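Structure at a glance
Given next are the chains, with one letter for each unit.
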Amino acid sequence: RDTHIIPDAADQVEWSHLRRAVATLLQQEYFDSTIGVVTFLNIIVMVVDTNANAECETVDCSGPLLSAIGLLFLGVYTCELALRLFALRCQAFRSVWTVIDLTVVISGGLEVILKASSDQGLVIDMS
């Protein structure tokens, strides 16, 4: 995924050892493959979650297990985004994938906040 935005080793001279190590990790095929598998599994969980909620008349019938798995996926995406931003800084946004990741993380975070506030009875009136 868009590893061409990662500078060559010569351009990384002033980078810290940790930043260079993270940039190297991001360039590894196994890293992209792992994120691809996580994304595929997340799609399966979203289908199961949507199916569980479609057969239910209450707001959320997916149960705590699917919610916990969803939070786990959000955590993985957040970590991946944090690694990209740490290593690439503003250059990360030259990749459309980083923008998509940022959108997923922000919308997932907002979903968690809104779900938590509705569970505590804090209803937000959007009208």
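Refer to the structure printed above.
What this report covers is the structure whose coordinates are included nearby.

A few words now on the packing of helix 3 (residues 63-88) against helix 4 (residues 96-119). Packing of helix 3 against helix 4 leaves a shortest axis separation of 9 Å and a crossing angle of 140 degrees. With respect to each other, helix 3 and helix 4 are oriented oblique. Once helix 3 is placed against helix 4, the crossing between them reads as left-handed. Seen from helix 3, the contacting residues are Ser67, Leu71, Leu74, Tyr77, Thr78, Glu80, Leu81 and Arg84; seen from helix 4, they are Thr98, Asp101, Leu102, Val104, Val105, Gly108, Gly109, Val112 and Lys115.

Okay, the pattern of salt bridges next. When the charged atoms of two side chains lie near each other, side chains of opposite charge can form a pair. By the definition in use, this model includes 2 salt bridges. Where arginine 84 meets aspartate 32, a salt bridge forms, and the shortest distance between an N and an O atom there is 3.7 Å. Here the residue arginine 84 occupies a position in helix 3, and aspartate 32 occupies one in helix 2 (residues 29-54), the gap between them amounting to 52 residues. The same class applies to arginine 84 and to aspartate 32, which are both buried. Among the salt bridges present, the one from arginine 84 reaches glutamate 80, with a minimum N-O distance of 3.3 Å. Of this pair, arginine 84 and glutamate 80 both sit in helix 3, 4 residues apart, which is roughly one turn of the helix. Both residues of the pair, arginine 84 and glutamate 80, count as buried.

Okay, the packing of helix 1 (residues 17-27) against helix 3 next. Contact geometry of helix 1 with helix 3 gives a least axis separation of 9 Å together with a crossing angle of 125 degrees. When the interaxial angle is binned, helix 1 and helix 3 end up oblique. As for how helix 1 packs across helix 3, the hand of that crossing is left-handed. Listed contacts from helix 3 to Leu18, Arg19, Val22, Ala23, Leu25 and Leu26 of helix 1 are Leu83, Arg84, Phe86, Ala87 and Leu88.

In this model helix 2 runs 37 Å from its N-terminal to its C-terminal C-alpha over 26 residues, within 8% of the 38 Å that 1.5 Å per residue would give. Those residues of helix 2 that sit buried are Phe31, Asp32, Ile35, Val38, Asn42 and Val45. Looking at the buried residues of helix 2, the elements they touch are helix 1 and helix 3.

Attention now goes to the layout of surface pockets. As a volume, the largest pocket reaches approximately 750 Å³. The biggest single contributor to the lining of the largest pocket is helix 4, with 10 residues. Classifying every residue of the lining of the largest pocket by side-chain character gives 14 nonpolar, 7 polar and 8 charged.

This part is about unusual backbone geometry. Within the chain, arginine 89 stands out as a residue other than glycine whose phi angle is a positive 55 degrees. A relative accessible area of 40% places arginine 89 in the partly exposed class.

The next subject is a nonpolar patch on the surface. A contiguous nonpolar patch, built from Val37, Phe40, Leu41, Ile44 and Val48 and spanning about 450 Å² of accessible area, is present on the exposed surface. Checked against the element boundaries, phenylalanine 40 lands in helix 2.

Thresholds applied
- Residues numbered from 1 in each chain as written.
- Predicted model: local features only at pLDDT ≥ 70, side-chain atom pairs only at ≥ 80, totals over all residues.
- Heavy atoms only, no water.
- Axes fitted to C-alpha atoms, helices over the stretch in contact; angles between N-to-C directions.
- Helix = DSSP H or I, 4+ residues; strand = E, 2+ residues; numbered from the N terminus.
- Parallel < 35°, antiparallel > 145°, perpendicular 65-115°, else oblique.
- Left-handed = near helix turned anticlockwise from the far one by under 90°.
- Contact = heavy atoms within 4.5 Å.
- Salt bridge = Lys/Arg side-chain N within 4 Å of Asp/Glu carboxyl O.
- Buried < 20%, exposed > 50% of the residue type's maximum accessible area, 1.4 Å probe, protein only.
- Expected span 1.5 Å × (residues − 1).
- 1 Å grid on protein atoms, 1.4 Å probe; cavity = no way out; pocket = protein on both sides within 12 Å on 5 of 7 lines; lining within 4 Å.
- Points joined across faces, edges and corners; volume = space filled by probe spheres on them.
- Nonpolar A, V, L, I, M, F, W, Y, C, P; charged D, E, K, R; others polar.
- Patch = residues over 30% accessible without salt bridge, like charges linked within 9 Å, V, L, I, M, F, W, Y side chains within 5 Å.
- Areas by Shrake-Rupley, 256 points an atom, 1.4 Å probe, with all protein chains shown as cover.

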